[in-house]
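Coordinate analysis (summary)
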Amino acid sequence: MFTLGIITILLLIIIFLLLNKVFYDQKQNKNKNFPPGPNCLPIIGNMHLFDIKDPSKTFTQLSNKFGPVFSVQFGMQKVVVLYGCDAIKDAFVNHAEEFSGRADIPIFKETAKGYGVVFAHGENWKVMRRFTISKLRDFGMGKKSLEDRIIEECDSLVQIFKSYGGKPVENTTIINTAVANVIVSILLGYRYDYGDPTILKLMNLVNENFKLLGSPMIMLYNTYPYIVRWLPGGHRTVFKNNEELNNFIRETFTRQKSQLDVNHQGNFIDAFLIKQLENNPDSELYFHNDNLMTLVSNLFVAGMETTSTTLRWGFLLMMKYPEIQKNVQKEIEQVIGLRQPQIEHRKQMPYTDAVIHEIQRFGNIIPAIVPHATTQDMMFRGYFLPKGTHVLPLLTSALRDKKYFEKPDEFYPQHFLNSHGHFVENDAFLPFSAGKRRCAGENLAKAELFLFFTRLLQTFTLQAPPGTEVDITPVVGFTNAPKIHKMCAVPRHND
Ligand code: HEM
């Protein structure tokens, strides 16, 4: 029995190898005018070339050899890589429509099933994206503006840090909760207390999935989904966590549906449910429960980890560079004083604005995003890209582009200041990507970063615990996060 099992497995492996070789040979020969790339091995493609700890190093080496547009092969999947600000913008801005598709990555195909916005395609994506942006822009949703919701959360965050009386604290969960509460308040209309088991549970599901998505096991799943799905491993945890998050969302909107008041759109889910009731073709085609569940999940996930990781970078960099922190505090004193920071203050605060931009550039939290896909056959820079080609814009290569930044590997707020101390935009500042798929929550994220950052530095001086060194080496995963560390928030005023 045992021997029969072994023989069956060996036969399956041989069939798989042969099939792979056939497809591999076909792929190699099919399109001679495809962007150049390194030679591939059967089965693994170019995976053996990658430095697992820091894939961006390998991409840089490949770009030095093949130029700003090249191709690599992960398993059976060819991917076109865009390296540097010029190539990314040329594709996403000058050929916006053609590059606006989203690649079907097995793990996301399985969890999102094409619904929602982040992993959706075609008309469904367009309708969901339009709805999302209009609702997030709708500062007047319900009685509270978006700014009010963030300011309310700033108050709670300050109180929490005050309760530690300047003693060292590991800030990840606290900052995650503050940011999660802003998005929960927009989506569901209420917030949770710090330490509430429900919000802790939801955040854990998201954090664990983010960690797993950058792991070798998930890369393997994405390369050989039909085989790996039968094995134990991280992909199963991702599915389980996703299911738990979906159950929570489903229960929440079912409850809200039963209490819906069409004259009062208190939150994002209400606004969606009201769309469902409109008697038009869109409500049936797009505003159904599957889209609602995935859209809410997308916004919770996309809105939480990214913004809180950026804030944690910001606070860590202020601990590392106390002189820069002092300059920000000086500007806060001059422009805001002891009043509540508000978004309108930002335009009078070029230094703080430059520091926040530099935190995003240097933090470089999403080095490589979920790939795009071409929506039709097309020519790009002399290469032929068939419809459905996967395209990976390396945002790191724009944020660290030597052509655009004087000191790309240093934390240097002057990248965004001119000689008169005025704020200047930089074309290669692409933490939110570019073109039709660029971040749908950019304005919300910018408002959160400014309000949380200024409010904390207005109230506290941030320091490393006595006798410790500040380490700004990132932990590389699906996101680039700071290492776990402790922070002392020392109150600046006696109140
Ligand atoms: C500092 C914080 C943030 C950063 C750095 C960030 C960055 C990004 C990036 C790089 C993308 C991929 C764009 C592409 O595929 O070309 C993206 C997509 C997206 N982001 Fe953000 N994001 C942040 C915060 C937020 C927030 C707060 C929300 C909303 C609650 C949000 C919602 C989305 C959505 C819905 C998409 C998918 C857009 C689409 O596929 O059409 N993000 N974000």
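Residues numbered from 1 in each chain as written. Predicted model: local features only at pLDDT ≥ 70, side-chain atom pairs only at ≥ 80, totals over all residues. Heavy atoms only, no water.

Between helix α14 (residues 289-320) and helix α15 (residues 322-335), the least distance of the axes is 5 Å, while the angle of their chain directions is 110 degrees. Our classification of the angle between α14 and α15 gives roughly perpendicular. Side by side, α14 and α15 meet where Met-318, Met-319 and Lys-320 of the first sit next to Pro-322, Ile-324 and Gln-325 of the second. For the contact of α14 with α15, a count of residues per class yields 4 nonpolar, 1 polar and 1 charged. (Axes fitted to C-alpha atoms, helices over the stretch in contact; angles between N-to-C directions. Helix = DSSP H or I, 4+ residues; strand = E, 2+ residues; numbered from the N terminus. Parallel < 35°, antiparallel > 145°, perpendicular 65-115°, else oblique. Contact = heavy atoms within 4.5 Å. Nonpolar A, V, L, I, M, F, W, Y, C, P; charged D, E, K, R; others polar.)

A few words on the domain arrangement of the protein chain. What the domain assignment lists for the protein chain is domain 1 (1-76) and domain 2 (84-491). Taking only C-alpha atoms into account, the centre of domain 1 sits 32 Å from that of domain 2. Counting from both sides, the interface comprises 18 residues of domain 1 and, opposite them, 16 residues of domain 2. Buried area between domain 1 and domain 2, summed over both chains or domains, comes out near 1,400 Å², and the portion from carbon and sulfur atoms is 75%. Between the two partners, domain 1 and domain 2, sit 0 salt bridges. (Domains from an automatic or database assignment. Buried area = accessible area lost by both parts, 1.4 Å probe. Salt bridge = Lys/Arg side-chain N within 4 Å of Asp/Glu carboxyl O.)

Another aspect to go through is the side chain of Ser-297. Within the secondary structure layout, Ser-297 lies in helix α14. Leaving out residues up to four positions away in the same chain, Ser-297 has contacts with Leu-245, Asn-246 and Ile-249.

The next subject is α14. The end-to-end C-alpha separation of α14 is 47 Å, in line with the 46 Å expected for 32 residues at 1.5 Å each. Counting buried positions along α14 yields 27 of 32 residues, so the element is predominantly enclosed. (Expected span 1.5 Å × (residues − 1). Buried < 20%, exposed > 50% of the residue type's maximum accessible area, 1.4 Å probe, protein only.)

This brings us to the site of the ligand. Contacts to the ligand come from 27 residues, most closely from Arg-102, Arg-129, His-372, Ser-433 and Cys-439. Contact distances for the ligand include 2.8 Å between an oxygen atom and a side-chain N or O atom of Trp-125. His-372 is positioned such that a nitrogen or oxygen atom in its side chain is 2.7 Å from an oxygen atom of the ligand. Considering each element in turn, the shell around the ligand owes the most residues, 6 residues, to α14. When the residues that make up the shell around the ligand are grouped by side-chain class, the tally is 16 nonpolar, 8 polar and 3 charged. (Near = heavy atom within 4 Å. Polar contact = N/O pair within 3.5 Å; in protein donor to acceptor, adjacent residues only side chain to side chain.)

Moving on: the sheet that holds strand β3 (residues 101-102). Spatial strand order, β1-β2-β8-β5-β3: 5 strands in an open sheet with mixed pairing. Whereas interior strands pair on both sides, the edge strands pair on one side only; in this sheet they are β1 (69-74) and β3. Note: β3 against strand β5 (residues 372-373), 2 bridges, orientation antiparallel. Paired with Gly-101 across the bridge in β5 is Ala-373. In the packing of helix α2 (residues 55-66) onto the sheet, contacts are made with β1, β2 (77-83) and β8 (390-394), and the angle to β1 comes to roughly 130 degrees. (Pairing = 2+ DSSP bridges.)

Let us now look at the packing of aromatic side chains. Evaluated as defined, the whole model comprises 18 aromatic pairs. Ring geometry for Phe-131 and Phe-272: centres 5.6 Å apart, planes at 90 degrees, overall edge-to-face. Of this pair, Phe-131 sits in helix α5 (residues 122-137) while Phe-272 sits in helix α12 (residues 268-277), placing them 141 residues apart in sequence. A relative accessible area of 5% means that Phe-131 is categorised as buried. Here Phe-416 and Phe-423 contribute two aromatic rings whose centre-to-centre distance is 6.3 Å and whose plane-to-plane angle is 5 degrees, an arrangement assigned as stacked. On the basis of relative accessibility, which here comes to 23%, the residue Phe-423 falls in the partly exposed class. (Phe/Tyr/Trp six-rings, centres within 6.5 Å; stacked < 30°, edge-to-face > 60°.)

Here we come to the packing of helix α8 (residues 197-213) against helix α11 (residues 234-258). One can describe the packing of α8 onto α11 by two numbers: an axis separation of 9 Å at closest approach and a directional angle of 150 degrees. Here α8 and α11 pass one another in a crossing that is left-handed. Facing Thr-198, Lys-201, Leu-202, Leu-205, Val-206, Glu-208, Asn-209 and Leu-212 of α8, the residues of α11 in contact are Gly-234, Thr-237, Val-238, Asn-241, Asn-242, Glu-244, Leu-245 and Phe-248. When the residues that make up the contact of α8 with α11 are grouped by side-chain class, the tally is 7 nonpolar, 6 polar and 3 charged. (Left-handed = near helix turned anticlockwise from the far one by under 90°.)

The next subject is the pairing of strand β9 (residues 460-463). Residue alternation in β9 divides its side chains into a buried set, Phe-460 and Leu-462, and an unburied set, Thr-461 and Gln-463. As judged from the 4 bridges shared by β9 and strand β12 (residues 486-491), these two strands associate in the antiparallel manner. Bridge assignment links Gln-463 to a residue of β12, and that residue is Cys-488.

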